[in-house]
Amino acid sequence: MEDIKKAIVEFLESGKTKTKFYFKDIEKAVKDKVPNARTLQIKKACSALINEGVLIYYSTGSTTMYGLKGKGITEDH
Amino acid sequence: MAFEPKRPQKKLNYQELRLYTDEQLKNYTEEEVKNFKPKHDIPKLEQLEDGPWPSFVADAKRYALRRHKLGQENLLINEDVVDDLLGQLELSYVHGETHWKHGGIVGVIGYGGGVIGRYSDVPEQFPGVAHFHTMRVNQVPSKFYDTNFLRGLCDLWEYRGSGLLNMHGSTGDIILLGTFTEQLEPIFQELTQVLDVDLGGSGSNLRTPECCVGKARCEYALYDTQEMCYEMVMHYQDELHRPAFPYKFKFKFDGCPNGCVASIARADMSFIGTWKDDIRINQDAVQAYINGEFPPGGGSHKGRDWGKFDIYAEVIDRCPTGCMSMEDGKLVIDNANCTRCMHCINTMPRALKPGVETGVSILFGAKAPILEGAQMSVMVIPFMKAEPPYDNIKEIIDRTFEWWMEEGKNRERLGETIQRVGLQRFCEIIGVPPAPQMVKEPRTNPYIFWKEEDVPGGFKRDIDDYRSRHAR
């Protein structure tokens with residue numbers, strides 16, 4: 001789990017202009033780094049990072065994206 | 001079977017929950033409503049009050065007055081919220097464009113859905129709606145409420161929100177319209193800890209499952225929609241609150257093919273009650289309808305004189321597959337060709353009843369987008385038993401989720417993924433063999449792609465030989 005969480009954070013930190021990502025983008029990036037990672041494990045790792053306050057959800061109402069807390073829009077706008 | 005909750009049920013008492021006195025809740029007169037002028041001039045909106053129908057503008061003005069009479073000391077968000085809402089809408093009518101900004105980092109801790117951020121792009125002009133976030137509350141199955149709950153909810157929303165709500169949104173949730181970010185967590189706390197309800201789904205989540213009234217009141221219900229809806233809500237909590245799907249996903253549970261929650265037109269996975277055996281016929285009652293002793297359709301059209309009941313014109317000739325006939329004065333149904341349209345049963349409910357071996361048909365891939373036409377769901381599983389603990393159905397759901405999470409593109413609904421990769425592939429994934437019920441018009445277009453291994457003896461096809469005669 002820790003290696004997946006690390007891969008998620010590294011991927012989200014790597015975005016130069018983009019700061020919010022779809023789960024599928026995260027999933028692909030994680031599977032590139034941790035080939036045996038399963039989708040459900042990646043989802044659980046994302047949820048754990050949300051609960052730890054490392055990640056935040058960004059929702060338009062119809063879709064949801066993930067971002068690093070403190071990067072890009074993270075407060076009310 | 002008696003309802004067995006998965007967690008202790010809370011008994012609510014409004015007298016313990018209430019935030020306002022009766023005098024505060026009935027704080028204006030009709031005379032005051034007539035003379036009330038909202039904070040902003042809204043001539044365009046007021047035209048909407050001219051027609052014969054009730055207008056949301058009239059309701060909103062009435063409610064704006066009530067908030068002013070309650071006073072800011074009894075409200076946690078701006079008492080002008082409704083005035084400002086009307087003012088901003090008027091401005092949108094003038095400009096011909098919206099002044100809302102959608103989405104953002106709003107929600108409650110740990111939840112990825114249930115709150116939809118909305119902000120005004122003219123907050124200086126309309127500070128009462130600078131934030132106007134929507135909260136979705138998971139409705140109880142079939143929307144049976146206790147008035148203690150409803151009154152408690154309205155008090156809470158009046159105190160911490162705009163007081164405006166929808167009963168219900170198209171997914172079935174209670175939609176609480178408009179509050180500020182700082183109120184989200186306290187409202188969530190009150191909803192879950194005091195009123196004992198949860199937030200619903202939004203975003204790339206499983207959306208709040210919805211069911212028809214089912215066996216609670218309807219004789220047509222062919223499985224317990226409430227039980228199944230409740231079970232799925234409790235079982236798929238993680239999918240409801242922690243978004244990781246490519247896009248939204250909806251379950252809807254219709255107890256019979258009449259489809260009162262329109263699952264076939266709106267749900268990615270539609271569960272529609274059906275039967276496997278023959279329609280039960282009471283020939284004496286059929287004669288009674290023919291003789292005019294029973295009103296057709298349960299008397300639903302008795303307001304006008306439609307003439308004597310004609311079983312051919314009103315039932316037999318209307319059967320979409322022509323599977324009904326009269327032989328020697330008896331009604332005969334070729335059940336193998338019945339498509340479960342329900343018309344005959346609806347018209348002669350005392351004479352015809354669904355069979356006794358009941359379950360669900362499972363259809364996939366409907367969506368009802370705003371900008372394009374609705375896409376109806378496709379029959380994939382003609383019949384499946386629907387009994388607790390629903391492990392057979394959960395297995396199909398799990399396979400569907402797993403495949404769609406893998407194959408679906410961002411912002412692509414399940415039905416679009418199925419269309420892109422083909423229904424045949426989808427059937428292979430969930431392990432269902434092709435059947436005539438999956439074909440849209442099997443009587444006119446029975447075409448199916450057979451694979452070599454599907455056909456006894458197989459077949460050989462030389463693609464190079466074919467291309468020598470047919471250009472790509």
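Residues numbered from 1 in each chain as written. Chains lettered and ligands numbered in written order. Predicted model: local features only at pLDDT ≥ 70, side-chain atom pairs only at ≥ 80, totals over all residues. Heavy atoms only, no water.

Enquirer: Give me the lowdown on the pairing of strand β3 (residues 64-68) of chain A, citing residues and values where you can.
Expert: Residues and elements named next belong to chain A. Taken across its 5 residues, β3 has 5 buried, putting it largely inside the fold. Burial along β3 is two-sided: Thr64, Tyr66 and Leu68 and Met65 and Gly67, pointing in opposite directions, are all buried. Two elements, strand β1 (residues 20-21) and β3, share 2 bridges in a ladder whose sense is antiparallel. Bridge pairing in β3 places Phe21 opposite Tyr66. As paired elements, strand β2 (residues 55-59) and β3 share 5 bridges and run antiparallel to each other. Bridged to Tyr58 within β3 is Met65. (Buried < 20%, exposed > 50% of the residue type's maximum accessible area, 1.4 Å probe, protein only. Helix = DSSP H or I, 4+ residues; strand = E, 2+ residues; numbered from the N terminus. Pairing = 2+ DSSP bridges.)

Enquirer: Break down the pairing of strand β8 (residues 251-254) of chain B for me, citing the residues and quoting the values.
Expert: All names here are of chain B. The two faces of β8 match: Phe251 and Phe253 on one face and Lys252 and Asp254 on the other face are all buried. Bridging between strand β7 (residues 210-211) and β8 involves 2 bridges; their strand directions are parallel. Within β8, the residue paired with Glu210 across the bridge is Lys252. One ladder, built from 4 bridges, connects β8 with strand β9 (residues 269-275); its direction is parallel. By the bridge assignment for β9, Phe251 is matched with Met269.

Enquirer: Residues and numbers for helix α8 (residues 184-194) of chain B, please.
Expert: Residues and elements named next belong to chain B. Those residues of α8 lying buried are Leu184, Ile187, Phe188, Leu191 and Thr192. Down the axis of α8, the smallest arc covering the buried residues is 115°, so these residues share one side. Looking at the buried positions of α8, the neighbouring elements they touch are β2 (115-116), β4 (134-137) and α7 (147-160). Immediately downstream of α8, the backbone of Asp196 shows phi near 65°, a positive value. (Arc of directions from axis to C-beta. Contact = heavy atoms within 4.5 Å.)

Enquirer: Requested: an account of helix α9 (residues 225-235) of chain B, with residues and values cited.
Expert: All names here are of chain B. For α9, a buried count of 9 out of 11 residues is recorded, marking the element as mostly surrounded by other parts of the structure. Among the residues of α9, Thr225, Gln226, Glu227, Met228, Cys229, Tyr230, Glu231, Met232 and Val233 are the ones counted as buried. If you follow the buried residues of α9, they end up packed against β7, α10 (237-241), β8, β9 and α15 (391-407).

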